[in-house]
Amino acid sequence: MKSYWCLPLLALALLAGCSKDKEMDKILEISSPGGDLQLQFTLTEEGEPVYWARYKDTAILDTSALGFELVDAPSLRAGFEMTDYSTRALNDVWEMPWGEQREVSNNYNELTVEVREIPPPNRRMRLIFRIYDDGFGFRYEFPEQEGLETLEIAEERTEFQLTGNHTAWWIPGDWDIYEHLYNETSVSGIDALSKRDHPNLAQTAIPVNAVNTPVTMRTASGLHLSFHEAALTDYAGMTLMVDNDTYKLTSNLVGSERTPYKVKRKLPFHTPWRTVQVSPDAAGLIESNLIANLNEPNQLGDVEWFKPTKYVGIWWEMHLGKSSWDMASGKHGATTENAKRYIDFAAENNIGAVLVEGWNTGWEHWIGFEDREGVFDFVTPYEDYDLEEVVRYANEKGVEMIMHHETSAAPRTYEQQLDTAYALMQRLGIHSVKTGYVGKIIPAGEYHHGQWMVNHYRKVLETAAEYEVAVNAHEPIKATGIRRTFPNAISREGLRGQEFNAWSVEGGNPPDHLPTVAFTRMLAGPIDFTPGIFNMKLAPYKEESQINTTLAHQLALYVVIYSPVQMAADLPEHYEDHPAFEFIREVGVDWEQSKVLNGEVGDYVTIARQERGTDRWFLGSITDEQERSLEASLDFLPAGANYKATIYRDGEGAHWDENPSAFLIESFLVDRSTTLKLDLAPGGGTAVTLEPATAEDEERLQTYR
Ligand code: NOJ
Ligand code: CA
């Protein structure tokens, strides 16, 4: 395809003609509010909608086509004429009810283009482009029109024509799960099909050489790009097919074996936003709010009933094999007595909530069974678990319970019981649930990320909201910023979590896993990674497995990997009397503001966050297998205030494999002129608590040098 870069760039201009490319009729252009990003749109002489984009003087996308293949109808890819266009701008601020920051600036320029097929049936569509300083999004809209009631989309053909063989951090375009390790290759080296045989996935389907989103890239000139989608509603999830030779990405929607279409919608409707985050450095990607901004405002109003919290739970012990979900094994974890032990531990340690998995009947018939429909119900406890008594006890201790619903990927069974299940929770005063979808979806032929399941996940969220329940989904559909609209979408898995370290699979998550996740998966939204393992070698339970980070790295994750629910995942007995546990006791879970101090994708990252409603700050820094010395300026602290910094860092000889537990705790006086030197061991990290110094601190502590 031709390249259309030939014009001086003007903001929001309609340009007629172009000296080099006579075949073009009109080029529409839109710029970001700050002017660094520009996007242009035109129809080719075949009437094909195309766009391209640049950042400052660098082309970031070359001519890229837009369109659809339909079932039993001519495609919507060419033969269009432009009938109208309009522009609009918005600059406002909205508030996150909980989040990485309180206030979010939403500042964009928007271009709407209307196109109509020249030959009959003269179908019409609109393309909406929104350009921000940190990236852009666009979507297709199908207005109500005569003779076109429903669209059956066989494939969306949205292209992103990259301008070079960038370095990419990617997971395969799996239609059923995101629990893959990130790969770092050039675009020409992306080989998703080689990831098909995976030893430990209860479901996986990788039909073509595509990647899942967010997929993050670095160009030769050091620009960072990340491709994703926002506001995924009543549509299939999008993967991006990769052409290794031309460096073109093309949308490949998640399909279904049960229907000839991948998406079916009645008009009028619009697609999710296709998004590109753009930043001169890696840190800027994490600070970008593009994905949340492209979602509709809060529809639930006040969600005061959900409070960000740390939690512990009857969970890791099952993954270690110390206990089990089912009762038949004779080592059932979810007993009344065990739950009370966790509740006591939470109450004593500033941990707000307790999760109990394996509390309801049905687990004897879980993984490996085909006929899972009707197996689980979400109201019947095992006989050794007195649900009412556990809840009463938790109330008495001021601890919230977190409900657990493992659907075993039988969503119809779950949907039939949603009201009953949530009514029980409401009666018991339980305001959050962790859901799970392990296994191939029943009905057979549906995939976790297809339109049918996207609608299921949304139905769960909406029903839960009616009962004042917040949802933390595992094996979810990816986050696309829906939390802005439905703030009861608190967190989700949707990545390779801590649990992979307990299973002896491919040696667990390597040390560069989370320094990669922070710049990829985390751009989509909050992550229930479940950090905080202290017993790094997993003895005596799983001596063949281990955690591939240092202990200080585990602490730093509470700040680096954002979630409004943060698990202290290890067994209470591994925390008792451990001095490093003080950090988990103290660390915040809800933030006034967040600052990414430094980072490179897959290598390291340092983030500082101010706790909401207090003047405390927390800082977390993690590295991959490389040891590093980083600097962190504390210039975000308020002027004129002395702070006490409690630093939890890698100790002498610390190493993710050879010596993961070596750590040190030090305290100093600091202020906004201080620059901390962070010495991170291989696979290591540093976690810092910053609180206003008391008179006693000022007397007792040394000033940091
Ligand atoms: C998979 C989830 O990711 C994990 O956290 C949970 O323990 C199991 N499913 C059981 O529901
Ligand atoms: Ca999982």
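**Looking at the overall build of the chain**
Then, in step 1: A tally of regular secondary structure across the chain gives 13 helices and 38 strands.
Then, in step 2: The C-alpha atoms of the chain give 26 Å as radius of gyration, which agrees with the globular expectation for 705 residues (27 Å, within 12%).
Then, in step 3: Overall size of the chain, expressed as C-alpha extent along the three principal axes, is 75 × 60 × 45 Å.
Then, in step 4: Each of the 705 residues in the chain was classed as buried or not, and the buried ones make up 64%.
Then, in step 5: Counting only contacts in the chain whose residues sit at least 6 apart along the sequence, the fraction spanning at least 24 positions is 70%.

**Details of the site of ligand 1**
Then, in step 1: With respect to spatial proximity, 14 residues lie near ligand 1, and among them Trp-315, Glu-357, Glu-406, Lys-434 and His-474 are the closest.
Then, in step 2: Interatomic distance of 2.6 Å between a side-chain N/O atom of Glu-357 and an oxygen atom of ligand 1.
Then, in step 3: A distance of 2.7 Å separates an oxygen atom of ligand 1 from a polar atom in the side chain of Lys-434.
Then, in step 4: For ligand 1, whose unbound accessible area comes to 290 Å², protein coverage reaches 97%.

**Here we look at the packing of aromatic side chains**
Then, in step 1: Applying the stated rule across the entire model yields 31 aromatic pairs.
Then, in step 2: Arranged with centres 4.7 Å apart and planes meeting at 50 degrees, the rings of Phe-500 and Trp-503 form a pair that is tilted.
Then, in step 3: Using a relative accessible area of 0% as the deciding quantity, one classes Phe-500 as buried.
Then, in step 4: By relative accessible area, Trp-503 is classed as buried at 19%.
Then, in step 5: The interplanar angle of 85 degrees and the centroid separation of 4.9 Å between the aromatic rings of Phe-534 and Tyr-575 together place this pair among those described as edge-to-face. On the criterion of sequence distance, the pair formed by Phe-534 in the loop between α9 (513-517) and α10 (551-560) and Tyr-575 in helix α11 (residues 572-575) is long-range, its members being 41 residues apart.
Then, in step 6: Members of the aromatic cluster, connected to one another through ring pairs, are Phe-41, Tyr-51, Phe-129, Phe-138, Phe-160 and Phe-227.
Then, in step 7: Taking NZ or CZ as reference, Arg-258 lies 5.6 Å from the ring centre of Trp-452, over its face.

**Structural notes on the coordination of the calcium ion (ligand 2)**
Then, in step 1: Distances from the calcium ion (ligand 2) to its protein donors, Glu-179 (OE), Glu-475 (OE), Glu-493 (OE), Glu-493 (OE) and Glu-499 (OE), fall within 2.3 to 2.7 Å.
Then, in step 2: Coordination at the calcium ion (ligand 2) is irregular, judged from the six donor atoms that bind it and the angles of 51 to 154 degrees they form at the metal.

**Regarding the pattern of salt bridges**
Then, in step 1: Taken as a whole and assessed by the stated rule, the structure comprises 44 salt bridges.
Then, in step 2: When the shortest N-O distance is used, the salt bridge between Lys-340 and Glu-389 registers 2.7 Å. One end of the pair, Lys-340, is in helix α4 (residues 336-348); the other, Glu-389, is in helix α5 (residues 387-397), and 49 residues separate them in sequence.
Then, in step 3: On the accessibility criterion, Lys-340 (21% relative accessible area) is partly exposed.
Then, in step 4: Relative accessible area serves as the criterion here: at 21%, Glu-389 is assigned to the partly exposed category.
Then, in step 5: Each of Glu-114, Arg-126, Arg-139 and Glu-141 takes part in a single network of salt bridges with overlapping partners.

**Regarding the sheet that holds strand β26 (residues 400-406)**
Then, in step 1: Sheet architecture is open: seven strands sit in the order β29-β28-β27-β26-β25-β24-β30, paired in parallel fashion. Looking at which strands have only one partner, the edges of the open sheet turn out to be β29 (489-492) and β30 (565-567). Looking at each pair of strands side by side, their axes are set apart by 30 degrees on average, direction ignored.
Then, in step 2: The sheet contact formed by strand β28 (residues 470-473) and β29 spans three bridges and is parallel. Counted as the bridge partner of Val-471 is Ala-489 from β29.
Then, in step 3: The strands touched by α4 within the sheet are β24 (309-314), β25 (353-356) and β26, with β24 carrying the most contacts at an inclination of about 155 degrees.
Then, in step 4: Packing against the sheet, helix α6 (residues 411-428) makes contact with β26 and β27 (432-436), and its axis sits at approximately 170 degrees to β26.

**Quick notes on the environment of Gly-613**
Then, in step 1: Of note, Gly-613 is situated in the loop between β32 (604-611) and β33 (617-623).
Then, in step 2: Gly-613 sits 77 residues away from Leu-690 along the chain, and the two C-alpha atoms are 14 Å apart.
Then, in step 3: Apart from the residues lying within four places of it in its own chain, the contact partners of Gly-613 are Arg-102 and Glu-592.

**Concerning the sheet that holds strand β21 (residues 263-266)**
Then, in step 1: Strand order across the open sheet formed by four strands is β7-β6-β12-β21, with antiparallel pairing between neighbours. Bordering the open sheet on either side are β7 (73-76) and β21, each of which pairs with just one other strand. On average, each strand axis in the sheet is inclined to that of its neighbour by 30 degrees, with strand direction left out of account.
Then, in step 2: By the bridge criterion, four bridges tie strand β12 (residues 150-156) to β21 in an arrangement that is antiparallel. Residue pairing across strands places Thr-150 opposite Lys-266, the latter belonging to β21.

**Observations regarding α5**
Then, in step 1: Taken together, the buried positions of α5 are Leu-387, Val-390, Val-391, Tyr-393 and Ala-394. Down the axis of α5, the smallest arc covering the buried residues is 160 degrees, so these residues share one side. Projecting away from the buried face of α5 at angles above 90 degrees are the exposed residues Asn-395 and Glu-396.
Then, in step 2: Lining the buried residues of α5 we find α4, β26 and α6.
Then, in step 3: Directly beyond the C-terminal end of α5, a positive phi value near 75 degrees is found at Gly-398.

How each quantity is defined
Residues numbered from 1 in each chain as written. Chains lettered and ligands numbered in written order. Predicted model: local features only at pLDDT ≥ 70, side-chain atom pairs only at ≥ 80, totals over all residues. Heavy atoms only, no water. Helix = DSSP H or I, 4+ residues; strand = E, 2+ residues; numbered from the N terminus. Rg over C-alpha atoms; globule rule 2.2 N^0.38 Å. Buried < 20%, exposed > 50% of the residue type's maximum accessible area, 1.4 Å probe, protein only. Contact = heavy atoms within 4.5 Å. Near = heavy atom within 4 Å. Polar contact = N/O pair within 3.5 Å; in protein donor to acceptor, adjacent residues only side chain to side chain. Areas by Shrake-Rupley, 256 points an atom, 1.4 Å probe, with all protein chains shown as cover. Phe/Tyr/Trp six-rings, centres within 6.5 Å; stacked < 30°, edge-to-face > 60°. Lys NZ or Arg CZ within 6 Å of the ring centre and 35° of its normal. Donors = N, O, S within 2.8 Å, 3.2 Å for Na, K, Ca; no water. Tetrahedral: all angles 85-135°; square planar, octahedral: opposite > 155°, others 65-115°. Salt bridge = Lys/Arg side-chain N within 4 Å of Asp/Glu carboxyl O. Pairing = 2+ DSSP bridges. Axes fitted to C-alpha atoms, helices over the stretch in contact; angles between N-to-C directions. Arc of directions from axis to C-beta.

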